[in-house]
Amino acid sequence: GSYVMEEVEFFHKASKTAIICDLIQRFPEPTGIMLKLGGVVGENGSTPRDWRITFWPFGKGELRKSRDAILGWKAEKLIIAHGTCVESNASDVIEKALYWI
């Protein structure tokens, strides 16, 4: 979907763990202004705003399919490359973080 980045997500079935590299970033407070402006601060985090625009105008359909597949995993845990990982109810965090799709 993105014309700039390529992202691969993984799911470990035995542990019900989603592994998401860059699509979701979630940093705790306090943090710098740039992270706040990027929309990646807080309990749910999100995709950095500057990356979101790389899916417009043509990649949104592919992105929705990918999001739906990830939500279909019903992940309990979430490992991310940038920020705080999730130990329980990861599906809720993922759904909220990807609200913009």
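Please read all numbers here as calculations on a predicted model, not as lab measurements.

Considerations on the overall build of the protein
In step 1: Of the regular secondary structure elements, the protein holds four helices and three strands.
In step 2: The N-to-C order of helical and strand elements in the protein reads β-β-α-α-α-β-α.
In step 3: Compactness check: the protein gives a C-alpha radius of gyration of 13 Å against a globular reference of 13 Å for 101 residues, within 12% of the reference.
In step 4: The buried share of the protein, taken over its 101 residues, is 37%.

Some remarks on the pattern of salt bridges
In step 1: Using the criterion set out here, one finds two salt bridges in the structure.
In step 2: Note that Glu-29 and Lys-36 form a salt bridge whose closest N and O atoms lie 3.5 Å from each other.
In step 3: Given the relative accessible area of 51%, Glu-29 is considered exposed.
In step 4: Residue Lys-36 is classed as partly exposed on the basis of its relative accessible area of 39%.
In step 5: Asp-68 is the partner of Arg-67 in a salt bridge, and the nearest nitrogen-oxygen pair spans 3.1 Å.
In step 6: Using a relative accessible area of 17% as the deciding quantity, one classes Arg-67 as buried.

Remarks on the environment of Cys-21
In step 1: Tracing the backbone through its elements, the reader meets Cys-21 in the loop between β2 (17-20) and α1 (33-38).
In step 2: Sequence spacing of Cys-21 and Leu-35 is 14 residues, and the spatial spacing of their C-alpha atoms is 17 Å.

With respect to the environment of Ala-97
In step 1: With respect to the secondary-structure elements, Ala-97 resides in helix α4 (residues 90-97).
In step 2: Counting along the chain gives 52 residues from Ala-97 to Gly-45, while the straight-line C-alpha distance between them is 5.4 Å.

Here's the deal with the sheet that holds strand β3 (residues 77-80)
Strand-to-strand pairing in sheets goes through backbone hydrogen bonds, with the strands running parallel or antiparallel.
In step 1: Reading across the sheet, the three strands line up as β1-β2-β3 and stay open at both edges, with mixed pairing between neighbours. Taken across any chain shown, the strands that pair with only one partner, and hence form the sheet edges, are β1 (9-12) and β3. Taken pair by pair, the neighbouring strands of this sheet meet at an average axis angle of 20°, ignoring direction.
In step 2: Judged from the four bridges that link them, β2 and β3 form a sheet pairing that is parallel.

Definitions and cut-offs
Sequence order as written defines the numbering, with residues in each chain counted from 1. Only residues with pLDDT of at least 70 are given local features in this predicted model, and only at 80 or more are side-chain atom pairs given and counted; all residues enter the totals for whole chains, interfaces and linings. To get the side-chain values, all heavy atoms of the structure are used, and hydrogens and water are removed first. Put simply, DSSP H or I for four residues or longer makes a helix, DSSP E for two residues or longer makes a strand, and each gets a number counted from the N terminus. When we talk radius of gyration, it's over C-alpha atoms, and the globule rule is simply 2.2 Å times the number of residues to the 0.38. Three labels apply to residues, based on accessible area from a 1.4 Å probe with only protein chains included: buried if under 20% of the type maximum, exposed if over 50%, partly exposed otherwise in between. A pairing counts as a salt bridge when a side-chain nitrogen of Lys or Arg comes within 4 Å of a carboxyl oxygen of Asp or Glu. What makes two strands pair is DSSP finding at least two bridges between them. Between N-to-C directions, angles span 0 to 180 degrees; the directions come from axes that are lines fitted to C-alpha atoms, helices contributing only their stretch in contact.

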